[in-house]
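Architecture at a glance
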Amino acid sequence: MTSTIVDVLVVGGGINGAGIARDLAGRGLSVTLAERDDLAAHTSSASSKLIHGGLRYLEQGHLGLVRKSLLERERLLARNPHLMQPLRLVLPHDAAQRPRWQLRAGLFLYDHLAPRRVSAASSAMTLGGTAEGEALQAHLTHAFVYSDGWVDDARLVVACALDARNHGARILTRHACERAHREGNHWLATLREPDGRAHAVQARALVNATGPWAQRFLGDALRQPDSPRLRLVQGTHVVVRRRWTHGAGYLFQNPDGRVLFALPFHDDFTLLGTTDVEVASPDAHATDAEVDYLCEHASRWLREPVRASDVLHRWAGIRPLLDDAQGDAKAITRDYRLDLSLAPGQAPRLDVWGGKLTTFRLLAEQAADRLAPLRGASRGAWTAEAPLPGGDCGPLDAYVAALRRDHPERDPALVQRWARAYGSLARHLLRAASGAEIVPGVWEVELQHVRKHEWARTPEDFLWRRSKLGLRLDGDAQVQLARWWSTTAVP
């Protein structure tokens with residue numbers, strides 16, 4: 001059995017685990033992150049792809065959560081222009097639901113709960129004769145427009161893991177933490193490697209960042225079943241062909257109190273989501289009933305109806321929400337809680353409960369603030385203004401234009417895709433010998449990059465998490481890519 005000794009073992013390779021590993025490593029601690037599957041294989045790649053304050057949480061009275069989410073939205077958008085871009089959202093007014101003054105008041109509060117560094121203020125608009133109105137049902141005549149942000153969620157997780165590694169952390173994917181127990185002032189954990197061998201990690205602290213599996217992990221791996229109760233809420237999304245050509249998205253208010261996002265998605269597609277269905281298991285599965293719900297309610301608003309047969313792709317993610325005694329799943333808080341288990345002479349354990357994509361950096365900072373002093377960290381908080389790898393590319397549109405000028409021989413669509421995915425690192429890929437074009441739009445240099453540097457182990461890792469090319473490549477192309485993957489060695 002191989003063995004490793006570290007300051008902190010982080011279990012879980014979603015956004016919270018990767019963010020915590022990054023922050024702790026940047027404070028000078030030795031960190032190992034263990035993920036049983038791929039990075040962002042579950043909830044963290046199954047979001048609505050939004051960096052947002054949560055407009056609907058205002059109505060539920062969660063002003064503190066909205067404020068800190070808005071502050072984080074602005075920080076993240078300002079520092080990571082490759083992975084995140086501002087997104088204008090159109091909120092059509094339905095006279096049967098709320099008066100316009102109420103929407104205007106809510107948006108005024110949303111604009112002013114936190115300073116805006118990147119995002120524009122909200123405004124009212126008349127839909128008639130506009131591109132935004134053309135996509136909607138004819139009876140909708142007025143709307144409001146406000147700002148949030150779009151994010152490539154899976155690549156955000158990878159970027160955090162890359163930054164963690166840049167600061168010395170070890171990232172182990174396909175390593176399941178099967179057992180962990182305290183032996184005095186350290187934890188002894190057993191990881192199961194992809195080939196079945198056992199790997200022992202001795203850690204001075206343990207972080208449980210397993211998301212929907214946090215409660216199960218405590219009981220099964222740590223033999224400590226007593227924990228806060230999680231309510232597991234499934235959110236399903238679907239992708240259809242693009243329904244409009246302008247760059248904004250929509251927020252629709254459904255009669256059942258849910259909201260429905262309709263968002264531009266990777267240029268040629270529209271993303272619809274999400275649902276709130278409480279489930280018993282953390283294993284997600286998008287049901288036909290949820291797909292029908294999304295299609296039905298999108299059709300209430302969009303001029304062109306959405307049918308189940310239009311759905312090109314679907315996914316579901318499980319939100320691990322803290323049980324706050326709310327009866328309705330959509331009303332449960334999206335805030336998080338950090339529990340530190342610490343006794344004299346014993347190694348600490350930090351459990352992460354709940355959370356949302358937008359506040360991952362703040363959650364990680366607060367987690368590190370609690371753990372780092374116990375382990376004698378040499379540095380304090382540092383991530384608030386630090387870009388993730390590739391984020392030093394400057395404004396995205398100007399960066400893409402510069403890359404296209406410098407590389408006129410490259411397909412402009414490829415240049416743009418690489419700029420969005422890799423930021424300033426795209427320059428290296430464009431300058432490198434590209435090798436063969438394995439399938440249309442996919443070059444060997446990129447495939448080898450994600451395998452060597454970004455922990456991609458299967459074609460699915462590349463097609464659906466390092467990129468979203470699974471939406472574009474037909475079955476024959478995907479088979480061809482899989483054949484290349486299985487017959488070509490990692491450099």
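Scroll up to find the structure.
Residues numbered from 1 in each chain as written. Predicted model: local features only at pLDDT ≥ 70, side-chain atom pairs only at ≥ 80, totals over all residues. Heavy atoms only, no water.

Helix and strand counts for the protein chain stand at 15 helices and 20 strands. The C-alpha atoms of the protein chain give a radius of gyration of 23 Å, which matches the 23 Å a tight globule of 491 residues would have. Along the longest, intermediate and shortest principal axes, the C-alpha atoms of the protein chain span 70 × 55 × 40 Å. Counting over 491 residues, the protein chain shows a buried share of 57%. The contacts in the protein chain between residues at least 6 apart in sequence include a share of 72% that link residues at least 24 apart. Entry remark: accessible area of the protein chain is about 19,400 Å², with carbon and sulfur atoms responsible for 51%. Of the side chains in the protein chain, 62 bear a positive and 56 a negative charge, and the two mean positions are spaced by 3 Å. (Helix = DSSP H or I, 4+ residues; strand = E, 2+ residues; numbered from the N terminus. Rg over C-alpha atoms; globule rule 2.2 N^0.38 Å. Buried < 20%, exposed > 50% of the residue type's maximum accessible area, 1.4 Å probe, protein only. Contact = heavy atoms within 4.5 Å. Areas by Shrake-Rupley, 256 points an atom, 1.4 Å probe, with all protein chains shown as cover. Lys, Arg positive; Asp, Glu negative; His and termini not counted. Charge placed at Lys NZ, Arg CZ, Asp CG, Glu CD.)

In this chain, Gly273 is followed by Thr274 through a cis amide linkage whose omega measures 15 degrees. When you line up the elements, Thr274 lands in the loop between strand 14 (269–273) and strand 15 (277–279). At Arg174, a residue that is not glycine, the phi angle is positive and equals roughly 55 degrees. We note that His266 has phi near 50 degrees; this positive angle belongs to a residue other than glycine. Mapped onto the fold, His266 is located in the loop between strand 13 (259–265) and strand 14.

Relative to the assigned elements, Thr358 resides in the loop between strand 18 (349–354) and helix 9 (360–371). Placed 207 residues apart in sequence, Thr358 and Val151 show a C-alpha to C-alpha distance of 9.5 Å. Dropping the residues within four chain positions of it, Thr358 is found in contact with Leu50, Ile51, His52, Ser69, Glu72, Arg73 and Leu76. Looking at Thr358, its side chain comes within polar contact range of the main-chain nitrogen of His52, at 3.0 Å. (Polar contact = N/O pair within 3.5 Å; in protein donor to acceptor, adjacent residues only side chain to side chain.)

Moving on to the pairing of strand 9 (residues 186–192). Relative to strand 9, strand 8 (residues 176–183) runs antiparallel, the two sharing seven bridges. Pairing of Arg182 across the sheet is with Trp187, part of strand 9. The loop that links strand 8 with its antiparallel partner strand 9 comprises two residues; one of these, Gly184, has a positive phi angle of about 70 degrees. Where strand 9 lies against strand 10 (residues 198–208), six bridges are found, and the strand directions are antiparallel. Looking at strand 10, one finds that Leu191 is bridged to His199. Between strand 9 and strand 10, which pair antiparallel and follow one another directly, the connecting turn spans five residues, one of which, Gly196, has a positive phi of 95 degrees. (Pairing = 2+ DSSP bridges.)

Each pair of packed helices can be described by the angle between their axes along with the distance between the axes. Here helix 11 (residues 412–422) crosses helix 13 (residues 444–453) at 10 degrees, and the two axes come no closer than 13 Å. In terms of orientation, helix 11 lies roughly parallel with respect to helix 13. Where helix 11 abuts helix 13, its residues Arg417, Trp418 and Tyr422 lie against Val445, Glu446, His449 and Val450. (Axes fitted to C-alpha atoms, helices over the stretch in contact; angles between N-to-C directions. Parallel < 35°, antiparallel > 145°, perpendicular 65-115°, else oblique.)

Below, the discussion takes up the state of the cysteines. Among covalent bonds in proteins, the disulfide is the one between the sulfur atoms of two cysteines. Scanning the entire structure with this criterion turns up zero disulfides. As a non-bridged cysteine, Cys393 has Cys160 as the owner of its nearest cysteine sulfur, 16 Å distant. (Disulfide = S-S within 2.5 Å.)

This next bit is on helix 3 (residues 63–79). Here helix 3 spans 25 Å end to end across 17 residues, near enough to the 24 Å set by a 1.5 Å rise per residue. Regarding helix 3, the residues found buried are Leu65, Val66, Lys68, Ser69, Leu70, Glu72, Arg73, Glu74, Leu76 and Leu77. (Expected span 1.5 Å × (residues − 1).)

Now for the nonpolar core. In this structure, Val10, Ile20, Leu24, Val31, Leu156 and Val207 are the most contacted members of the largest nonpolar core, which totals 48 residues. With nine residues, the top contributor of residues to this core is helix 6 (residues 153–166). Ile20 has contacts with Val10, Val207, Val352, Leu363, Ala364 and Ala367, leaving out every residue within four places of it along the chain. (Core = buried A, V, L, I, M, F, W, Y, C linked by side-chain atoms within 4.5 Å.)

Turning our eyes to something else, we now look at the pattern of salt bridges. Where charged atoms from two side chains of opposite charge come close, those side chains can pair. Going through the model one piece at a time under the given rule, you end up with 38 salt bridges. As a salt-bridge pair, Arg361 and Glu365 come within 3.0 Å of each other at their nearest N and O atoms. Pair noted here: Arg361 and Glu365 are both in helix 9, with a separation of four residues, about one helical turn. An identical accessibility class is assigned to Arg361 and Glu365; each is buried. The network of salt bridges with common partners includes Asp38, Arg174, Glu460, Asp461, Arg465 and Arg466. (Salt bridge = Lys/Arg side-chain N within 4 Å of Asp/Glu carboxyl O.)

Below, the discussion takes up the packing of aromatic side chains. Taken as a whole and assessed by the stated rule, the structure comprises six aromatic pairs. With centroids separated by 5.7 Å and ring planes inclined at 85 degrees, the aromatic side chains of Tyr110 and Tyr146 adopt a geometry described as edge-to-face. Residue Tyr110 is found in helix 4 (residues 100–112), and its partner Tyr146 is found in strand 6 (residues 142–151); the two are separated by 36 residues along the sequence. A ring pair is formed by Tyr250 and Phe252, whose centres lie 5.6 Å apart and whose planes are at 20 degrees; its orientation type is stacked. The pair Tyr250 / Phe252 is uniform in exposure class, with both members buried. Within the aromatic cluster, the residues linked to one another by ring pairs are Trp244, Tyr250, Phe252 and Trp301. The aromatic ring of Trp315 is capped on one face by Lys49, whose charged end is 4.6 Å from the ring centroid. The side chain of Arg410 reaches across the aromatic face of Trp443, ending 5.8 Å from its centre. (Phe/Tyr/Trp six-rings, centres within 6.5 Å; stacked < 30°, edge-to-face > 60°. Lys NZ or Arg CZ within 6 Å of the ring centre and 35° of its normal.)

Moving on to the side chain of Ser69. In this structure, Ser69 sits in helix 3. By relative accessible area, which is 0% here, Ser69 ends up buried. Leave out the neighbours within four places in its chain, and Ser69 touches His52, Gly53, Lys356, Thr358 and Thr359.

Turning our eyes to something else, we now look at helix 13. Of all ten residues making up helix 13, seven are buried, and the element is well covered by its neighbours. For helix 13, the complete set of buried residues consists of Val445, Glu446, Leu447, Gln448, His449, Val450 and Arg451. Trailing helix 13 by a residue or two, Trp455 shows a phi angle of about 65 degrees, which is positive.

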